[in-house]
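Tertiary structure, described
Residues per chain are reported as follows:
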Amino acid sequence: MSDILKIGDFEFSSRLMVGTGKYASNAETEAALEASGAEVVTVAVRRINISGEGESLLDHIDTKKYKLLPNTAACFTEEEALRTARLAREALDTPLVKLEVIGDEKTLFPDNEATLSAAKILVKEGFTVLPYTTDDPIMAKKLEDVGCAAVMPLAAPIGSGLGIRNPYNIRIILETVKIPVIVDAGVGTASDAAIAMELGCDGVLMNTGIAGAKEPVKMARAMKLAVLAGRLAFEAGRIEKKLYATASSPLSGLI
Amino acid sequence: MQIKINGDKRQVRDRISISELLEELNIERQGIAVEQNKVVIPKSEHNEKIISEGDVIEIIQMVGGG
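Okay, so let's go over this structure. (Residues numbered from 1 in each chain as written. Chains lettered and ligands numbered in written order. Predicted model: local features only at pLDDT ≥ 70, side-chain atom pairs only at ≥ 80, totals over all residues. Heavy atoms only, no water.)

Considering the overall build of chain B
Going by this rule: Helical segments are the DSSP runs of H or I of at least four residues, strand segments are the runs of E of at least two, and each set is numbered from the N terminus. When we talk radius of gyration, it's over C-alpha atoms, and the globule rule is simply 2.2 Å times the number of residues to the 0.38. Pairs of residues are marked as contacts when any of their non-hydrogen atoms sit within 4.5 Å. Accessible areas in this description were obtained via Shrake-Rupley with a 1.4 Å probe; residue shielding takes into account the shown protein chains only. The convention is simple: Lys and Arg are positive, Asp and Glu are negative, and His and the chain ends are not counted. Charged side chains are reduced to one point each, which is NZ for Lys, CZ for Arg, CG for Asp and CD for Glu.
What chain B contains, in helices and strands, is one helix and five strands. Taking 11 Å as the expected radius of gyration for a compact globule of 66 residues, we find that chain B reaches 12 Å, a close match to that expectation. Along the first, second and third principal axes, the C-alpha atoms of chain B reach 40 × 25 × 20 Å. Taking contacts inside chain B between residues at least 6 apart in sequence as the whole, the part at least 24 apart equals 50%. Working note: accessible area of chain B is about 3,500 Å², and carbon and sulfur atoms make up 41% of it. Of the charged side chains in chain B, 9 are positive and 12 negative, and the gap between their average positions amounts to 3 Å.

Some remarks on the overall build of chain A
We apply this condition: Burial here depends on accessible area, computed with a 1.4 Å probe over protein chains only, as a share of the maximum for the residue type. Under 20% is buried, over 50% is exposed, and the range in between is partly exposed.
Secondary structure assignment for chain A yields eight helices and 10 strands. With the principal axes as the frame, chain A shows a C-alpha extent of 85 × 40 × 35 Å. Out of the 255 residues belonging to chain A, those deemed buried represent 50%. Pairs at least 24 apart in sequence give 64% of the contacts found in chain A among residues at least 6 apart. Carbon and sulfur atoms make up 53% of the accessible area of chain A, which amounts to about 12,600 Å² in all. Between the mean site of the 28 positive side-chain charges and the mean site of the 34 negative ones, chain A shows a separation of 4 Å.

Considerations on unusual backbone geometry
A positive phi angle is found at alanine 185 of chain A, which is not glycine, with a value near 85 degrees. Accessibility expressed as a relative area gives 10% for alanine 185 of chain A, which makes it buried. For arginine 15 of chain B, which is not glycine, the phi torsion reads 55 degrees and is therefore positive. When you line up the elements, arginine 15 of chain B lands in the loop between β2 (8-11) and α1 (18-24).

Quick look at the packing of aromatic side chains
Residue and element names in this part refer to chain A. So the rule is basically this: Side-chain rings of Phe, Tyr and Trp (the six-membered ring for Trp) are treated as a pair once their centres are within 6.5 Å; stacked means planes under 30 degrees apart, edge-to-face means over 60, and tilted covers the remaining angles. Comment: the charge-over-ring label is applied if NZ (Lys) or CZ (Arg) is within 6 Å of the ring centre and within 35 degrees of the ring normal.
Applying the stated rule across the entire model yields one aromatic pair over all chains. Relative to phenylalanine 12, the ring of phenylalanine 10 has its centre 6.4 Å away and its plane inclined at 5 degrees; by these criteria the two rings are stacked. The ring of phenylalanine 127 carries the charged tip of arginine 89 above its face, separated from the ring centre by 3.9 Å.

Section: the pattern of salt bridges
Residue and element names in this part refer to chain A. The following threshold applies: One speaks of a salt bridge when a side-chain nitrogen belonging to Lys or Arg is within 4 Å of a carboxyl oxygen belonging to Asp or Glu.
For the structure shown, the criterion picks out 16 salt bridges over all chains. Taking the shortest distance from any N to any O, the salt bridge between arginine 231 and aspartate 3 comes out at 2.9 Å. One end of the pair, arginine 231, is in helix α8 (residues 216-236); the other, aspartate 3, is in the segment before β1 (5-7), and 228 residues separate them in sequence. Of the residues examined, arginine 231 reaches a relative accessible area of 12% and is grouped as buried. Taking the shortest distance from any N to any O, the salt bridge between glutamate 125 and arginine 86 comes out at 2.6 Å.

What about the environment of glycine 103 of chain A?
All names here are of chain A. Among the structural elements, glycine 103 can be located in the loop between β6 (96-99) and α3 (112-124). When the C-alpha atoms of glycine 103 and alanine 74 are compared, they prove to be 9.6 Å apart, with 29 residues separating the residues in sequence. What glycine 103 contacts, discounting residues up to four positions off in sequence, is Phe109, Pro110 and Asp111.

Some words on the interface of chain B and chain A
Much of the literature gives interface size as the accessible area that the parts lose upon coming together. Where we set the bar: Using a 1.4 Å probe, buried area is obtained as the accessible area two parts lose upon being combined, added over both of them. Residues are sorted three ways: Asp, Glu, Lys and Arg are charged, Ala, Val, Leu, Ile, Met, Phe, Trp, Tyr, Cys and Pro are nonpolar, and all the rest, Gly among them, are polar.
On the chain A side, the residues contacting the 25 residues of chain B number 27 residues. Here chain B meets chain A over a buried area of about 2,300 Å², counting both sides, of which 59% is carbon and sulfur. For the pair chain B and chain A, the number of links is four salt bridges. Glutamate 35 of chain B is the partner of arginine 83 of chain A in a salt bridge, and the nearest nitrogen-oxygen pair spans 2.5 Å. Among the secondary structure elements, those contributing two or more residues to the side of chain B that touches chain A are β3 (32-36), β4 (39-41) and β5 (56-64) of chain B. In terms of residues, the side of chain B that touches chain A owes the most to one element, β5 of chain B, which gives seven residues. Across the side of chain B that touches chain A, the residue classes break down as 13 nonpolar, seven polar and five charged.

Side note on the environment of alanine 85 of chain A
Residues and elements named next belong to chain A. Along the chain, alanine 85 falls in helix α2 (residues 78-92). Look at alanine 85 and you get buried, because its relative accessible area is 1%. The sequence separation of alanine 85 and leucine 99 amounts to 14 residues, and the corresponding C-alpha distance is 7.7 Å. Excluding its chain neighbours within four sequence positions, the residues that come into contact with alanine 85 are Thr72, Val97, Leu122 and Phe127.

Here's the deal with the nonpolar core
To keep things clear, this is the line we draw: Only buried residues count toward a nonpolar core. Its members are Ala, Val, Leu, Ile, Met, Phe, Trp, Tyr and Cys residues joined through side-chain atoms within 4.5 Å.
Core analysis: the biggest nonpolar cluster contains 67 residues, and Ile210 of chain A together with Met62 of chain B have the highest contact counts within it. The biggest single contributor to this core is α2 of chain A, with seven residues. Leaving out residues up to four positions away in the same chain, isoleucine 210 of chain A has contacts with Val18, Tyr23, Ala32, Pro216, Met219, Ala220 and Met223 of chain A.

See the structure below:
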């Protein structure tokens, strides 16, 4: 039975999306991507080294296998984010963009106002916009209304590993929007990813949680399994929580 | 003439096209994008697009990121 994640015109069978930053080497990146089973892989846009040194990341990522999702990370203004998105589209020939407009260096929380404004413009320009946002249902709805293909509320600050800090808001977001909800940022370990998926999220995006682990490749596999397990548990429908015990074995026929 | 590439000043010959500049810099076309004075120049226009004195050129590629 297939369980397809649809984002705009794109379809994916993996609900785990992974970043490519912070790995010790390109080889480690490749191995972690493979172990994660992810199909969507985020990349960042940066100035090329004019002196010609350094190899291209794209030499190490099989673009037939992975769908690249360029981000606008480290953009602090709407204008920077728009420029970065347009450059990414030109470089990769993709309409996909993970829109980030950062509002503050310390928390890396998004500037929601600028994000919404940029999203509106990018949607008009034909981009498939996946915006990084706070876990605010009203904001999520506004992003949906301007035509974003998904919404990506943070679980906790980027790279913090604090996990799902406000599962109730995530639940309300899930009830509020029809577009896919991808939890982005803050996932620290496998159970965090599983919780996001058990809540009913459509996917999870992470980078540091894998790349920063002592054994990134092993953690990539753990995340793959956690996302899968969480998704299955969500679909299966968990039991009600009860205060007291309910016997699992029949009470009749006792000796 | 002097132009700015990725934040650094650089001397290039007059009436150089974007294609010629990329060639001179030994930059492969795959997976890159060029911006001239904050406007993205599509690959299909690299041959005819001429760079002028004082232009600000940005050439980007993809790097690891989350």
